[in-house]
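Below are the chains, spelled out letter by letter.
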Amino acid sequence: MLRYEASISRNIFKIVLIVVTVASLFINSDLALAQSQQTGNNIEVGQEIYLKNCSSCHIPIAGEVLPTETWRALLSNPQQHYGESLPKMVGLTQYLMWQYLSTHSRSLLKDEPLPMYIANSRYFKALHPQVELPKPANIQTCASCHPNANKLDYRL
């Protein structure tokens, strides 16, 4: 009788373990889905904030043009933005912009120098292989070929 009860207890334990495991899989997948949706929302909000803040002074630069490390440097020190101080840049603004820019930027290659200007960006150069850029090229130059650049639309 004792052996029979022990067998039933082991079977009940196994069933409970299976139920808990399956339930946790569903809960974890729901949490992952909710987190990915939240991250997606953060990226969209980050893009809106990026456009609002950056395009008030110059055309916005597509996140892909500069490496992640450049965006990190720019966002981490808004008081030193090419000789200007960005007063509207506070923690939440920086975080949301970072969510957007880090998602769309690229990594530096090994031993690649950190480009702080788009004209020095490997990606920018690859997209403009036979384009004679004015010297000095600046971000306002982009609008002459890309009329919708202020909306992050760089199609010709």
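## Observations regarding the overall build of the chain
- The helix and strand inventory of the chain stands at 5 helices and 0 strands.
- Reading the chain from its N end, one meets helices and strands in the order α-α-α-α-α.
- Sequence separation of 24 or more characterises 67% of the internal contacts of the chain that already satisfy a separation of 6 or more.
- Carbon and sulfur atoms provide 61% of the accessible area of the chain, an area that totals close to 11000 Å².

## Focus: unusual backbone geometry
- Unusually for a residue other than glycine, Tyr 82 sits at a positive phi of about 55°.
- Relative to the helices and strands, Tyr 82 is located in the loop between helix H2 (68-76) and helix H3 (91-104).

## Some thoughts on the packing of aromatic side chains
- A complete count under the given rule lists 3 aromatic pairs for this structure.
- With 5.9 Å between their ring centres and 90° between their planes, Tyr 50 and Trp 71 make a pair best called edge-to-face. One end of the pair, Tyr 50, is in helix H1 (residues 2-54); the other, Trp 71, is in helix H2, and 21 residues separate them in sequence.
- Each member of the aromatic cluster is reached from another via a ring pair, and the members are Tyr 50, Trp 71 and Tyr 100.

## Some remarks on H2
- Within H2 the residues assigned to the buried category are Thr 68, Thr 70, Trp 71, Leu 74 and Leu 75. The buried side chains of H2 occupy one side of the element, clustering within an arc of 160° when seen end-on.

## Focus: the side chain of His 58
- Mapped onto the elements, His 58 comes out in the loop between H1 and H2.
- Assessed through its relative accessible area of 19%, His 58 is described here as buried.
- Once residues within four sequence positions are removed from consideration, His 58 is found in contact with His 81, Ile 139 and Gln 140.

## Side note on H3
- In this model H3 runs 20 Å from its N-terminal to its C-terminal C-alpha over 14 residues, within 8% of the 20 Å that 1.5 Å per residue would give.
- Considered for burial, the residues of H3 that qualify are Thr 93, Gln 94, Leu 96, Met 97, Gln 99, Tyr 100 and Leu 101.

## As for the state of the cysteines
- Inspection of the entire model under this criterion finds 0 disulfides.
- The closest cysteine sulfur to the non-disulfide-bonded Cys 54 is located on Cys 57, 8.3 Å from its own sulfur.
- Note on Cys 54: relative accessible area 16%, which makes it buried.
- Looking at the unpaired Cys 142, the closest cysteine sulfur is the one in Cys 145, lying at 8.4 Å.
- In this structure Cys 142 comes out as buried when scored by relative accessible area, which is 11%.

## Focus: the nonpolar core
- Membership of the largest hydrophobic core comes to 23 residues, with the highest contact counts inside it found for Tyr 50, Val 65, Trp 71, Met 97 and Ile 118.
- The residues touching Val 65, leaving out its near neighbours within four places in the chain, are Arg 106, Ile 118, Ser 121, Tyr 123 and Phe 124.

## Description of the confidence of the model for the chain
- Summing up the model confidence of the chain, the mean pLDDT is 78 and the portion of residues at 70 or higher is 74%.
- Per-element averaging of pLDDT across the chain places H1 at the bottom with 61 and H2 at the top with 92.
- Here residues 19-36 is a poorly scored stretch, pLDDT under 50, and it has 0 contacts once near neighbours within four places are set aside; other chains count.

## Here's the deal with the pattern of salt bridges
- Under the criterion given, the structure shown has 3 salt bridges.
- Here Glu 112 and Arg 106 are joined by a salt bridge, their closest N and O atoms 3.7 Å apart.
- Overall, the relative accessible area of 15% leaves Glu 112 in the buried class.
- By relative accessible area, Arg 106 is classed as buried at 12%.
- With its nearest N and O atoms 3.4 Å apart, the salt bridge here joins Arg 122 to Glu 112. Here Glu 112 lies in the loop between H3 and helix H4 (122-127) and Arg 122 lies in helix H4, a separation of 10 residues in the sequence.
- Counted as one network, the salt bridges with shared partners bring together Arg 106, Glu 112 and Arg 122.

Cut-offs and rules
- Residues numbered from 1 in each chain as written.
- Predicted model: local features only at pLDDT ≥ 70, side-chain atom pairs only at ≥ 80, totals over all residues.
- Heavy atoms only, no water.
- Helix = DSSP H or I, 4+ residues; strand = E, 2+ residues; numbered from the N terminus.
- Contact = heavy atoms within 4.5 Å.
- Areas by Shrake-Rupley, 256 points an atom, 1.4 Å probe, with all protein chains shown as cover.
- Phe/Tyr/Trp six-rings, centres within 6.5 Å; stacked < 30°, edge-to-face > 60°.
- Buried < 20%, exposed > 50% of the residue type's maximum accessible area, 1.4 Å probe, protein only.
- Arc of directions from axis to C-beta.
- Expected span 1.5 Å × (residues − 1).
- Disulfide = S-S within 2.5 Å.
- Core = buried A, V, L, I, M, F, W, Y, C linked by side-chain atoms within 4.5 Å.
- pLDDT = per-residue confidence, 0-100.
- Salt bridge = Lys/Arg side-chain N within 4 Å of Asp/Glu carboxyl O.

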